[in-house]
Amino acid sequence: MKKIQIKDFSPEVLAVNKRFKEQSGSEDIASLCSTQALFNILQSDKPKTILEFGGGIGTLSYLCLKYSDAEIDIYEDNDFCINALKQNLKEFEGRYTLLTDYANLYLPHKSYDLIIGDGGPYNLVEALVKNTQGIKRIFFEGGRFFLQRVF
């Protein structure tokens, strides 16, 4: 197996990782490998609508907003993370919708080009995914349980 080295990551991914790694609440941000994989998807698929479960402090949300033209619907219900998201994504206001109540089961779009699973109450996330009319790609960051339950 080939060992991944820092030179294998794009400068864009390294910059996003550095920006978020230095912040309070960064203990659970996406790995460099996951961030690079998502960056590659953004470059190849050019999604226009993205749904993210578990926005955290905004690492993957920021990556998507900075390196795509997509509109993003972000579920996050933790007060600390909600405040961090708003601060970290302020330059992208108008391109994302922050959804703070998983119990509401509201989807602003009927279909999504990309769904990112990175947390959230899995039983509710499962219901949301099953109720979308069209999904082109699903990306999981650290949610193997979610993957096994939905599919």
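Thresholds applied
Within any chain, residue numbers begin from 1 and follow the written order of that chain's sequence. The model is predicted, so local features are restricted to residues of pLDDT at least 70 and side-chain atom pairs to those at 80 or more, both for listing and for counting; the totals for chains, interfaces and linings are taken over all residues. Only hydrogens and water are removed before side-chain values are computed, so all heavy atoms of the structure are retained for them. Here, strands pair whenever DSSP counts at least two bridges between them. Where helices and strands are cited, they refer to DSSP runs of H or I of at least four residues and of E of at least two residues respectively, numbered from the N terminus. Throughout, an axis means a line fitted to C-alpha atoms (over the contacting stretch in the case of helices), and angles, computed between N-to-C directions, take values from 0 to 180 degrees. Only one rule defines a salt bridge in this text: a Lys or Arg side-chain nitrogen within 4 Å of an Asp or Glu carboxyl oxygen. The classification of residues rests on relative accessible area computed with a 1.4 Å probe and restricted to protein chains. Under 20% of the type maximum is buried, over 50% is exposed, and intermediate values are partly exposed. A helix is expected to span 1.5 Å multiplied by its residue count minus one. We call two residues in contact whenever any of their non-hydrogen atoms come within 4.5 Å of each other.

Colleague: Explain the sheet that holds strand 4 (residues 111–117) to me, please; I cannot follow it from the model alone.
Modeller: Hydrogen bonding along the main chain pairs the strands of a sheet, whether they run parallel or antiparallel. As summarised here, the arrangement of the five strands in space is 3-2-1-4-5, forming an open sheet in which the pairing is parallel. Strands at the two margins of the open sheet, each flanked by one partner only, are strand 3 (96–99) and strand 5 (134–140). Within the sheet, the average angular offset between the axes of one strand and its neighbour, ignoring direction, is 20°. Bridging between strand 1 (residues 49–53) and strand 4 involves four bridges; their strand directions are parallel. Directly across from Glu52, in strand 4, lies its bridge partner Ile116.

Colleague: Explain the pattern of salt bridges to me, please; I cannot follow it from the model alone.
Modeller: Should their charged atoms come close, side chains of opposite charge can pair. Enumeration over the complete set of coordinates arrives at three salt bridges. The closest approach of N and O atoms between Glu22 and Lys18, which form a salt bridge, is 3.3 Å. Comparing Glu22 with Lys18, the two get one shared label, exposed. In this structure, Arg19 engages Glu91 in a salt bridge whose closest nitrogen and oxygen atoms are separated by 3.9 Å.

Colleague: Which parts of the structure should I look at to understand unusual backbone geometry?
Modeller: Phi is mostly negative for residues that are not glycine, and the peptide bonds are mostly trans. Its identity as a non-glycine residue notwithstanding, Lys46 has a phi of 50°, on the positive side. Checked against the element boundaries, Lys46 lands in the loop between helix 2 (32–45) and strand 1. Lys46 gets classed as exposed once you look at its relative accessible area, which sits at 53%.

Colleague: Help me out: how do you make sense of the pairing of strand 4 in this one?
Modeller: One face of the sheet, then the other: side chains in a regular strand alternate in exactly this way. Of all seven residues making up strand 4, six are buried, and the element is well covered by its neighbours. The pairing of strand 4 with strand 5 spans six bridges and is parallel. Residue pairing across strands places Ile116 opposite Phe139, the latter belonging to strand 5.

Colleague: Is there a simple way to think about helix 2 in this case?
Modeller: What sets the pattern is the α-helix's 3.6 residues per turn: residues three or four places apart point alike. For helix 2, built from 14 residues, the straight-helix expectation of 20 Å at 1.5 Å per residue is met to within 8% by its first-to-last C-alpha distance of 20 Å. Positive phi appears at Lys46, one or two residues downstream of helix 2, with a value of about 50°.

Colleague: Can you walk me through the environment of Lys48 in this structure?
Modeller: Position of Lys48 relative to the elements: it lies in the loop between helix 2 and strand 1. A residue is classified by how much of its surface remains accessible, and Lys48, at 46% relative accessible area, is partly exposed. Sequence spacing of Lys48 and Asp113 is 65 residues, and the spatial spacing of their C-alpha atoms is 6.4 Å. Once you skip the residues sitting within four places of it in the chain, Lys48 turns out to touch Asp69, Ala70, Glu71 and Asp113.

The values reported here are purely geometric and, on their own, carry no functional implication.
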